[in-house]
Amino acid sequence: LFFSVPARRKFLKTVQTELNHAVDFVQRTLLAWPAVAFRVLHDGHEMLAYPGAGDRRHALATVYGRDVAREMVPLSYESPGLNVHGFVSKPSVTRATRASQAFFVNGRSVRSRTVQNAFDQAFRRLMDADRHPVAVLFVEIAPEMVDVNVHPAKTEVRFTRDGDIYAAVRHAVESALLTGGL
């Protein structure tokens, strides 16, 4: 890909690292758009296959495995101009890193301190600080309420109503855990 652009080639990592980044991107896209079929091949081996079933639970099972998908609880919160929905694992299903947490704003995979802090706060009393639950969380909000120009790759966002987003995410996660019997 970068054969004729040697300045860019020097920034590439190992083949395995770059493959992991590509597969992670496809998995996040699959979670956001479960009606689209995806297939990832590398050196003739199928790394990922998803038929585009349109079922978010099936997408969760494809990305995280059936056992984890079974242990995930749906979450939902609505207020005027704001919708939070998705899935969160029970505290019995955790990971050592946050890599299995996917946050989306208006269908785009993003990083947000507000969303991350609200999510962490909802789980604070339920698990050790060095463990992280699996989560797929979607925030739907009017585009003018989101600043996507925080990061050149548009992966980090800020909100004009941080407090509302924080409260909505925390309430959605806590309610889901209570509904799930926790």
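Residues numbered from 1 in each chain as written. Predicted model: local features only at pLDDT ≥ 70, side-chain atom pairs only at ≥ 80, totals over all residues. Heavy atoms only, no water.

Undergrad: What exactly am I supposed to notice about the environment of Ile165 here?
TA: Within the secondary structure, Ile165 is located in helix H6 (residues 162-179). With 40 residues separating them in the primary sequence, Ile165 and Arg125 have C-alpha atoms 21 Å apart. Apart from residues lying up to four places away in sequence, Ile165 is in contact with Leu82, Thr114, Val115, Val139, Ile141 and Phe159. (Helix = DSSP H or I, 4+ residues; strand = E, 2+ residues; numbered from the N terminus. Contact = heavy atoms within 4.5 Å.)

Undergrad: Explain the sheet that holds strand S7 (residues 108-110) here, please?
TA: Where strands meet in a sheet, backbone hydrogen bonds hold them as pairs that are either parallel or antiparallel. One open sheet accounts for five strands, arranged S3-S4-S9-S6-S7; its pairing is mixed. Whereas interior strands pair on both sides, the edge strands pair on one side only; in this sheet they are strand S3 (72-79) and S7. Strand-to-strand twist in this sheet, taken as the mean axis angle between neighbours without regard to direction, amounts to 20 degrees. Where helix H5 (residues 113-123) meets the sheet, its contacts fall on strand S4 (82-89), strand S6 (101-105) and strand S9 (135-141), and the angle it forms with S6 comes to roughly 135 degrees. (Pairing = 2+ DSSP bridges. Axes fitted to C-alpha atoms, helices over the stretch in contact; angles between N-to-C directions.)

Undergrad: Sorry if this is basic, but what is going on with the pattern of salt bridges here?
TA: Where side chains of opposite charge bring their charged atoms close, a pairing between them can arise. Going through the model one piece at a time under the given rule, you end up with eight salt bridges. One salt bridge connects Asp164 with Arg161, and the closest N-O pair in it is separated by 2.8 Å. Among the ionic pairs, Arg170 bridges to Glu174, the shortest N-O distance being 2.9 Å. Placement of the pair is Arg170 and Glu174 together in helix H6, with a separation of four residues, close to one helical turn. Residue classification places Glu174 among the partly exposed residues on the basis of a relative accessible area of 25%. (Salt bridge = Lys/Arg side-chain N within 4 Å of Asp/Glu carboxyl O. Buried < 20%, exposed > 50% of the residue type's maximum accessible area, 1.4 Å probe, protein only.)

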